[in-house]
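These are the residues of each chain, in order.
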Amino acid sequence: MSAEPAVAAALRPRRLVVSRAMMEIDGHRLEDVELGGWAYGPEVGSAPVVVVVGGITASPFPFGDGKRPEDGGQDAWWPALRAPDLIDPARHTVLCPCWPSNGSTWRGLADADAAAPAVSVLGLADLVASWLDGIGCTVPVTFVGASLGGMVGVALAVRYPARCARLITISAGLRPDGWGTATRHVQRELVRDGLRNGDVQTGMIRARQLGMLTYRGRDELDTRFGKLVPGLDRPPVAEYLDHHGRRFAERFPVRTFLMLSEAIDRGNFGADPRAVRAALEQVTAEVLVIGVPGDLLFPWALQVELHRELQAVGATSSLWKLDSVYGHDAFLASQHELAELLRDTGIFRGELRPAARPRFEGVGVEPLRELRIGMVGCGTVGKGLLELIERQRVAVADRYGVRFRVSRIAVRDVGKERGPLAAMIPRTDRPLELVSDPEVDVVVEVAGGMALEPVLNAALAAGKPVVTANKTLLALKLAELGVLAQRTETPLYCEAAAAAALPIIRHLSHRADEIESLMGIVNGTANYVITRLEQDELPMAQAVAEAQALGLAEADPSADLDGHDAAAKLSILAYRAFGAWFRPAEFGVRGVRELDPADCDLAEAMGFRIRLIARAARVGSALDLAVEPVLLPSWHLLASVEEEYNAVYLKCASSGDLSLFGKGAGAMPTATAVLGDLIDLAQDNSVRWPVPQSIPLARPGAGAVHRPPPRRHYLRVTAEPHAGLARRVDSLIRRAGLSVQNRAQRGEAERMHLAFLISPCDEAQVGDIEAAVERLGRVQHLLRLGVAE
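Residues numbered from 1 in each chain as written. Predicted model: local features only at pLDDT ≥ 70, side-chain atom pairs only at ≥ 80, totals over all residues. Heavy atoms only, no water.

Draft legend 1. Representation of helix H27 (residues 763–774). Helix length check: H27 (12 residues) gives 16 Å between terminal C-alpha atoms against 16 Å at 1.5 Å per residue, within 8%. Buried residues of H27: Val766, Ile769, Glu770, Ala772 and Val773, and no others. Each buried residue of H27 lies within a common arc of 165 degrees when the element is viewed along its axis, so the set occupies one face. Opposite the buried face of H27, by more than 90 degrees, sit the exposed residues Asp768 and Glu774. (Helix = DSSP H or I, 4+ residues; strand = E, 2+ residues; numbered from the N terminus. Expected span 1.5 Å × (residues − 1). Buried < 20%, exposed > 50% of the residue type's maximum accessible area, 1.4 Å probe, protein only. Arc of directions from axis to C-beta.)

Draft legend 2. Highlighting the environment of Pro62. Position of Pro62 relative to the elements: it lies in the loop between strand S3 (49–53) and strand S4 (93–97). Owing to a relative accessible area of 1%, Pro62 belongs among the buried residues under this scheme. Along the primary structure Pro62 and Ala80 are separated by 18 residues, whereas in three dimensions their C-alpha atoms are 9.8 Å apart. Apart from the residues within four sequence positions on either side, Pro62 is in contact with Tyr40, Val52, Ala76, Trp77, Trp78, Pro79 and Cys96. (Contact = heavy atoms within 4.5 Å.)

Draft legend 3. Representation of the sheet that holds strand S6 (residues 164–170) within the structure. What the 8 strands build is an open sheet, ordered S1-S2-S4-S3-S5-S6-S7-S8; its pairing is mixed. A single partner strand is all that each edge strand has here, and the edge strands are strand S1 (14–25) and strand S8 (317–321). Between one strand axis and the next, the sheet turns by 20 degrees as a mean value, whatever way the strands run. Looking at chain direction, S6 and strand S7 (residues 286–291) are connected through 5 bridges and run parallel. (Pairing = 2+ DSSP bridges. Axes fitted to C-alpha atoms, helices over the stretch in contact; angles between N-to-C directions.)

Draft legend 4. Representation of the environment of Asn742 within the structure. Tracing the backbone shows Asn742 in strand S22 (residues 740–747). Taking relative accessible area as the criterion, Asn742 reaches 29% and is therefore assigned partly exposed. Discounting chain neighbours no more than four positions away, the residues touching Asn742 are Met606, Ala755, Phe756 and Leu757.

Draft legend 5. Quick look at the sheet that holds strand S9 (residues 369–376). Judged by pairing direction, the sheet is parallel, and its 6 strands sit side by side in the order S11-S10-S9-S12-S13-S14 without closing on themselves. Here the strands that pair on one side only, and so sit at the sheet edges, are strand S11 (427–428) and strand S14 (492–493). In terms of strand pairing, S9 meets strand S12 (residues 442–445) through 4 bridges, oriented parallel. In the strand pairing of S12, Ile373 is matched with Val442.

Draft legend 6. Representation of the pairing of S4 within the structure. Burial runs high along S4: 5 of the 5 residues are buried. Alternating residues of S4 divide into Thr93, Leu95 and Pro97 and Val94 and Cys96, and every residue in both groups is buried. Of the pairings in the sheet, the one linking strand S2 (residues 28–40) to S4 comprises 4 bridges and is antiparallel in character. The partner of Ala39 across the bridge, within S4, is Leu95. For S3 and S4, the ladder comprises 3 bridges, and the chain directions are parallel. Counted as the bridge partner of Val49 is Thr93 from S4.

Draft legend 7. Region of the structure containing the pairing of S8. Note: S7 against S8, 5 bridges, orientation parallel. Following the sheet pairing, Leu288 is matched in S8 by Ser318. Since S7 and S8 lie parallel, the crossover through helix H10 (residues 300–312) that links them has a hand, and here it is right-handed. (Right-handed = clockwise from strand over helix to strand, strands pointing away.)

Draft legend 8. Looking closely at helix H2 (residues 121–134). In this model H2 runs 20 Å from its N-terminal to its C-terminal C-alpha over 14 residues, within 8% of the 20 Å that 1.5 Å per residue would give. Taken as a whole, H2 has its buried residues at Val121, Leu122, Gly123, Leu124, Ala125, Asp126, Leu127, Val128, Ala129, Ser130, Trp131 and Leu132. Turning to H2, the residues buried within the fold contact S1, S2, S3, S4, helix H3 (148–159) and helix H8 (254–265). Gly136 sits one or two residues past H2 and shows a positive phi near 85 degrees.

As structure tokens, this is what we get:
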């Protein structure tokens, strides 16, 4: 046989029918089922098989029916894909199943009075699979589907993975979107109105006209037809819509349209994302996802979603973009461009599927990224981080496309038990080895102490990112480490060093506004102790012992009680908030050891509560920094922070007042901050550490160039009970030109406590008053605190 007759024979399709006495589809029992379809090319079983399925209105003749137009033949709707290097009926068996009521049927389907069963794309895939079984197609096929056909192809690859070697899905998705569903619902209602009114042809015409507006792109309609202009009775697009509406109504079965339109909207691969992924895990086919950015019916986002979900379960998927002005109909109107795209993919170059690729978890076109952590320290916080990484493993992979793995640990005692999660992780007692270890991508330091400065320096110098919770080191060396990180373009993160679970460093690093002032409760131990003094009237020593018993205070709580821990954190926060860096020794630091339960009682009587506050505020061109216990009005946000909780309160130039609240101590809150930094690293979300600005500090004293603003003061006088003491203290305050704005008193068996709220003044004035009161007889103790407004 010559080449030309052979081609003609290959393009002459033959009908293949399969009969089933009974089938169950989507929970519906179908009887006397007749599944029809057409085949081009070699007999089934003698050549590789390509299954071609189009949209709702597509005939089963993508390459025509072999008849001449004058004999009533049907035109080919996908001729550009028939080519020796694409779909070739001379060497491929091309199978084209028929839709229900349009070549396939069952008992009652043609009965106009009977309701058609609600069939989904999964049910349609079941019908296709049954037809393939019945015609003896046993080899895995290449499935090419567009629009509804593309969705059915995904369903076939999910339900019958052994049947599908390759899947090309065009302008389809895992699901319809809301806009498309609403459009199809209106189309179906137009047809049903026609059925109810006895004018189904008009209903079909209007449904098709609405569909044409969603099938084509806006740019094409605008360019091709324009708008209604003077002299025209109808817009230019009207004739186009009328033509397609009439043609559709004349040729297409009503029940097929209603059933297939609803099948798209019933496309559901699972009740929730986890169920959808479980379904997609069955896919073993090579998947080619093709979309059109201007598609209104199945937007580009749906193709991206399908591709990413396939990648997430380890399927082999690639995503291709077909640029066209024709929107959803681009697979027909731009089919020559589609053919070139398919050639570029190379999916038809070999009949045998490439060797199986390793499956992986991931999102997008790349496998799930793994970050290997070298962890310095594996105490309370280190073990908490291991637990949190394991607990959040699936969630972090889903959200951020990354997996964290601790590949090595550096600890002082390598033989010490570190818990089950650390048992199999290699250990060393030389932290510097983590810097040079090729199995470590990031150094996480949760051990603390100045001795680790060389490790952090070496990591940053080598370009290895650092995540640290070491506030002691950062308080003294942050400027140097920040400049080194900037010079080597290496990320340095330290959220856990400031306020544990509060993402204050992250907020300050990415802010768009200027900070006017910052006040914070940043030491959970001190706040817990003050809460116990306040609520239970425990003496200081007993309150500290209770905090230690709960694991909220160290064996030596000095850094917490004396304000040094809060001062180290303030140094870090001020650097991020104002761009200036001050060591804790450069500003005032005062702890809570002097507080007595009586102070909490007296302050409350005057409408205040005492809290250890770290503050930084602009004073002209200078900064006022300090850590000290102060009186806060009871209505103040920070006054209500109790127990081990932390809070930071910001005043911003444009956005006003902002606050963050949460646990500022403990293994899991700190581990949360470390994990948050690791996520930022994985997302390349790092910020600069600029060279510190030269900003002067505001200091008290008559000779200071920049002084803090005057403020009110609380003065507590503890003395032997005697009449006239309150009057004498009041007189000393008035002689200094100040006034007593409020007072309170508390008596005990052998002593009395008097509290005075003094009008605004500077530190020197109130210091003189304190010295004068100290010289009064029977005075045992004085305590002066500032008042924060």
